[in-house]
Number of protein chains: 2
Amino acid sequence: MAGGERRLQILRVAMRLFSQRGFRGTTTKEIARAAGVSEAMVFRHFATKEELYSAVLDHKACLHDDLDPLQRVADAIARKDDRAVFEGMALDALNQHDCDPEFQRLLLHSALEQHELAHMFWEKFVRRVYRSLRSYIRQRQRDGAIKHVEPFVIVRAFIGMIIHHSLNNNLWDRERQLLKISNQAAARAFTEILLNGVATSPQSRANGDGRQRSRVETPKRKRSKK
Amino acid sequence: MAGGERRLQILRVAMRLFSQRGFRGTTTKEIARAAGVSEAMVFRHFATKEELYSAVLDHKACLHDDLDPLQRVADAIARKDDRAVFEGMALDALNQHDCDPEFQRLLLHSALEQHELAHMFWEKFVRRVYRSLRSYIRQRQRDGAIKHVEPFVIVRAFIGMIIHHSLNNNLWDRERQLLKISNQAAARAFTEILLNGVATSPQSRANGDGRQRSRVETPKRKRSKK
DNA sequence: AGCGATGGTAAGTAAGCACTTACTTTCAAC
DNA sequence: GTTGAAAGTAAGTGCTTACTTACCATCGCT
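It should be emphasised that the depicted structure is a prediction, and the values quoted were computed from it without experimental measurement. (Residues numbered from 1 in each chain as written. Chains lettered and ligands numbered in written order. Predicted model: local features only at pLDDT ≥ 70, side-chain atom pairs only at ≥ 80, totals over all residues. Heavy atoms only, no water.)

A. Main features of the interface of chain A and chain B. Contact residues are listed per partner, giving 57 residues for chain A and 54 residues for chain B. The largest contributions to the chain A side of the interface with chain B come from A:L112, A:R156 and A:L178, which together make up 17% of the buried area. Summed over the shared surface of chain A and chain B, the result is 0 salt bridges. Listed by contribution, the elements that provide at least two residues to the side of chain A that touches chain B are α1 (3-25), α7 (101-112), α8 (116-142), α9 (151-172) and α10 (183-198) of chain A. Ranked by residues supplied to the side of chain A that touches chain B, first place goes to α9(A) with 16 residues. Each residue belonging to the side of chain A that touches chain B can be placed in one class, and the counts come to 27 nonpolar, 17 polar and 13 charged. (Contact = heavy atoms within 4.5 Å. Buried area = accessible area lost by both parts, 1.4 Å probe. Salt bridge = Lys/Arg side-chain N within 4 Å of Asp/Glu carboxyl O. Helix = DSSP H or I, 4+ residues; strand = E, 2+ residues; numbered from the N terminus. Nonpolar A, V, L, I, M, F, W, Y, C, P; charged D, E, K, R; others polar.)

This is how it looks when you write it as structure tokens:
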């Protein structure tokens, strides 16, 4: 097997094991065995276990790196279709966590172990999502469509619903005993709650078919405060 | 030092270290040193490291065991004061996580390691909170104060906001760089979003009374899939 | 005084860990 | 057909780990 191939294979095996058992819970021998090679092979490709771990985290993180988290909903943003914006982001995140639960586990492990990835991910991804969403929310607040609540609070509330739901599905309630719901339905429900929760005038959303409504509703309504 | 005292002291030290570094990341030697005794002392009080870990988890978990999570807001429930119910629970949880961040870390570690505590906590605490809140929500739905959304979805959304906020504060953003907000304000903001998000009609919320309104409009079947 | 229970330790032990060394096999390029 | 590097390994090395043993010290109690 060629060098690059083997390296990648070891990386993938390590990724799986690290995400299952954490850094300290995984031995280099296990990794080697799972990859079907000797331990020495692992250390030929990665100088230390730490380096292998970093490579794993890098490999995962770089997938999230270069894409703007709001890009997938860019047209919804342009249309100022709040529902499409939030529901799209939610669905994206839920699907992502669903088909790659390893990442969430790795992230948690590294956060608990205070590995630099946790910090990096925070800086490079989380902050960006927060800022992007804030700028959108601010705009919609100026439009009079969203209440003048601190935007970051809204972002946190929304991301909280989504991440916590994923965490439940991946970590605690894998059988979905407590709540069995499709990602679609979850994204829709959470979005509904959030948007109704922060809308300036509830009537504008209450009748539910705000979906696919192309025009922005109530551009300059009177802004009532809390 | 008397036997019981020492045992408790070791337990507390272990609690701190386990929560910081996890089970595998903490050595019995470290625990002994931090407790100012020899390693043999640790093993006199706890037969194995596993047993010590279990004792730690038990000790933490039993604090949450015998109290009804909704007891603290019982009068608010009786009054059907939704705001007080949810805000009270949120504030309680946030304060709890604030003054005992160890617990959240221990819980996460044990969930990742698939330790039985994770399951126990889920069964004994989480499920109960979910069920209690559901029963309250159902009642308020019958009252016509809350939309007919699956109650567990509402619970998950609400708990999600709170837990995720705590997780942020304890794990990722301890400096509160991204969002600095008091527990009071957070509890109020999240409650506001949730209640407005699931209220049947804005008026019924606005003046705070839970007046019975006529049957709820359920737009469930109205929507067609895209 | 003596004695056993209790609180404590120094110095192990065997297994497991990350990592190394010294060696063999494979195979394409001259 | 030789060679030289790359792919691969068996068998270590030294250190750390959870856990043990064998022994000391200080009591309260007859």
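Following the structure, the description resumes.
B. Spatial organisation of empty space enclosed by the protein. A full pass over the atoms with the stated rule returns 6 cavities of 30 Å³ or more. Counted as a void, the largest cavity has a volume near 110 Å³. Elements that contribute at least two residues to the lining of the largest cavity include exactly α1 of chain A together with α7 (101-112) of chain B. Examining the composition of the lining of the largest cavity, we find that 5 residues originate from one element, α1(A), more than from any other. Classifying every residue of the lining of the largest cavity by side-chain character gives 3 nonpolar, 6 polar and 6 charged. (1 Å grid on protein atoms, 1.4 Å probe; cavity = no way out; pocket = protein on both sides within 12 Å on 5 of 7 lines; lining within 4 Å. Points joined across faces, edges and corners; volume = space filled by probe spheres on them.)

C. Molecular detail of unusual backbone geometry. Residues and elements named next belong to chain A. The backbone phi angle of Q114 is positive, close to 60°, even though this residue is not glycine. Looking at the secondary structure, you find Q114 in the loop between α7 and α8. For Q114, a relative accessible area of 55% puts it in the exposed group. (Buried < 20%, exposed > 50% of the residue type's maximum accessible area, 1.4 Å probe, protein only.)

D. Focus on the protein's contact with DNA strand D. The immediate surroundings of DNA strand D are formed by 17 residues, with A:G3, A:R6, A:S38, A:R44 and B:K49 found nearest. Sugar and phosphate atoms constitute 53% of the interface atoms of DNA strand D, taking the interface as everything within 4 Å of the protein. B:K49 is positioned such that a nitrogen or oxygen atom in its backbone is 2.6 Å from a phosphate oxygen of DNA strand D. Of all the secondary-structure elements, those providing two or more residues to the surface near DNA strand D are α1 and α3 (39-45) of chain A together with α3 (39-45) of chain B. Looking at side-chain class alone, the surface near DNA strand D contains 7 nonpolar, 6 polar and 4 charged residues. (Near = heavy atom within 4 Å. Polar contact = N/O pair within 3.5 Å; in protein donor to acceptor, adjacent residues only side chain to side chain.)

E. Main features of the confidence of the model for chain A. Residues and elements named next belong to chain A. Across chain A, the average pLDDT comes to 88, with 88% of residues at or above 70. Confidence, expressed as mean pLDDT per element, reaches its minimum in chain A at helix α11 (residues 203-206) with 46 and its maximum at α10 with 98. Low pLDDT, under 50, characterises residues 203-226; the stretch is placed with 39 contacts to residues that sit more than four places away or in other chains. (pLDDT = per-residue confidence, 0-100.)

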